[in-house]
Amino acid sequence: PNWTSAGTYTDIRFETSGDGLARISLNRPEKRNAFRPLTVQELCDAFNRVRDDPSIGVVLFTGAGPAADGVWSFCAGGDQSVRGDGGYLDDSGLPRLNVLDLQRIIRSLPKVVIALVAGYAIGGGQVLHLLCDLSLAAENAVFGQTGPRVGSFDGGFGAGYLARVVGQRKAREIWFLCRRYDAAQALAMGLVNAVVPLEDLEREGVAWAREVLQHSPTAIRCLKAAFNAETDGLAGIQELAGQATHLFYRTSEGQEGRNAFLEKRDPDFSGNAWLP
Ligand code: 2NE
């Protein structure tokens, strides 16, 4: 793709291809792409801009690299150097856990998010890759949790959704033992969709994205909401129902209700059958 910068940020890069793709990259390679509140704030902004751009259907979410020492990272989780006593401190000293906001944004984005994981996806970074709709790993990818070692945990999607993806046994192992898993192990447990050589990661991600882009945007957004509804309780059902409402607005039946109100008359739904 002909990537063009689509915004000026400090901790991330946001680029668009002009033909349906966006690429959002964590850009703190010397910190193994660990996120601080500003990083997360910028990611939320970029993902929200993707949401509002009707020309974009697929986002590639990745980590810039390698670092000066040659090491690749997707994301090493929350930046422990700004972790205060009550959360990750922003520039004004407020303690935050705003990565949870980002999780919800990725989850409910009515477009496809593909994680491209080169190197480390650890802690909150592992959870971010998990929340993407699809995940492609480079052969050097390393996955794991560290929370019980560094005094943290993610008991939301990081635990419950992980268990949905890899099963209860494996999810408990991942969190209780804090081991690291290579790309082949991640593939075997269903944590990623495919493993490719590092040099092919972006090309493969773009190929997967372009396949998605050939398909019906409405079918894809309804399917994503349906998958979420199965796991996300009432918030998931809200998303799926929202897609149904969007579709209903486009019918003459839905529009008659609006028109009747604006024209100060009773609505006439008589032309609409009570279908089986
Ligand atoms: C990722 C890993 C395994 C890489 O190891 P290695 O040996 O390749 O690199 P090194 O030397 O550890 O790291 C390179 C530089 O990046 C910094 C390091 O401090 C080091 O900086 P300098 O000493 O060169 O100045 N760095 C790496 N990860 C960082 C981090 N998360 N925060 C701040 N600085 C970091 C290895 O670096 C590692 O294990 N990193 C820590 C992984 C971790 O425990 N993450 C936090 C988990 S908790 C979390 O993310 C979370 C949650 O549980 C719930 C909600 C929200 C977040």
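The name an unreviewed UniProt entry gives the protein is 1,4-dihydroxy-2-naphthoyl-CoA synthase, with Cyanobium gracile UHCC 0281 as the organism. UniProt annotates the protein under Function (unreviewed entry) with the comment "Converts o-succinylbenzoyl-CoA (OSB-CoA) to 1,4-dihydroxy-2-naphthoyl-CoA (DHNA-CoA)." The heading Sequence similarities (unreviewed entry) in the UniProt record of the protein holds the text "Belongs to the enoyl-CoA hydratase/isomerase family. MenB subfamily."

We now examine the nonpolar core. Counting 49 residues, the largest nonpolar core has I24, F47, F61, L102 and F143 as the members making the most contacts within it. The contacts of L102, once residues within four sequence positions are left out, are V40, L43, C44, F47 and L128. Of all hydrophobic cores here, the second largest spans 17 residues; its members include V58, L116, L136 and V196.

So, about the pairing of strand β3 (residues 21-26). The element β3 is extensively covered by neighbouring structure, given that six of its six residues are classed as buried. Residues L21, R23 and S25 point to one face of β3 and A22, I24 and L26 to the other, with burial holding for every one of them. Counted between consecutive antiparallel strands, the loop separating strand β2 (residues 12-16) from β3 contains four residues, among which G18 sits at a positive phi close to 85 degrees. Note: β3 against strand β4 (residues 58-63), six bridges, orientation parallel. Across the sheet, the residue bridging to L21 is V58, located in β4. After leaving β3, the chain enters helix α1 (residues 37-52) and then returns to the sheet as β4, a path that is right-handed.

To continue, consider the pairing of β4. Counting buried residues in β4 gives six out of six residues, a clear majority hidden from the surface. Here β4 shows a buried face lined by V58, L60 and T62 and a second buried face lined by V59, F61 and G63.

In this numbering, the UniProt entry assigns the feature "binding site: hydrogencarbonate" (unreviewed entry) to Q145, T146 and G147. Structurally, Q145 is set in the loop between β11 (142-144) and α4 (147-150). Among the residues examined, Q145 registers a relative accessible area of 2% and is labelled buried. A distance of 3.1 Å separates a polar atom in the side chain of Q145 from the backbone oxygen of G123. Note that G147 resides in helix α4.

Conventions used here
Residues numbered from 1 in each chain as written. Predicted model: local features only at pLDDT ≥ 70, side-chain atom pairs only at ≥ 80, totals over all residues. Heavy atoms only, no water. UniProt positions renumbered as here; feature names shortened; annotations may be inferred. Core = buried A, V, L, I, M, F, W, Y, C linked by side-chain atoms within 4.5 Å. Buried < 20%, exposed > 50% of the residue type's maximum accessible area, 1.4 Å probe, protein only. Contact = heavy atoms within 4.5 Å. Helix = DSSP H or I, 4+ residues; strand = E, 2+ residues; numbered from the N terminus. Pairing = 2+ DSSP bridges. Right-handed = clockwise from strand over helix to strand, strands pointing away. Polar contact = N/O pair within 3.5 Å; in protein donor to acceptor, adjacent residues only side chain to side chain.

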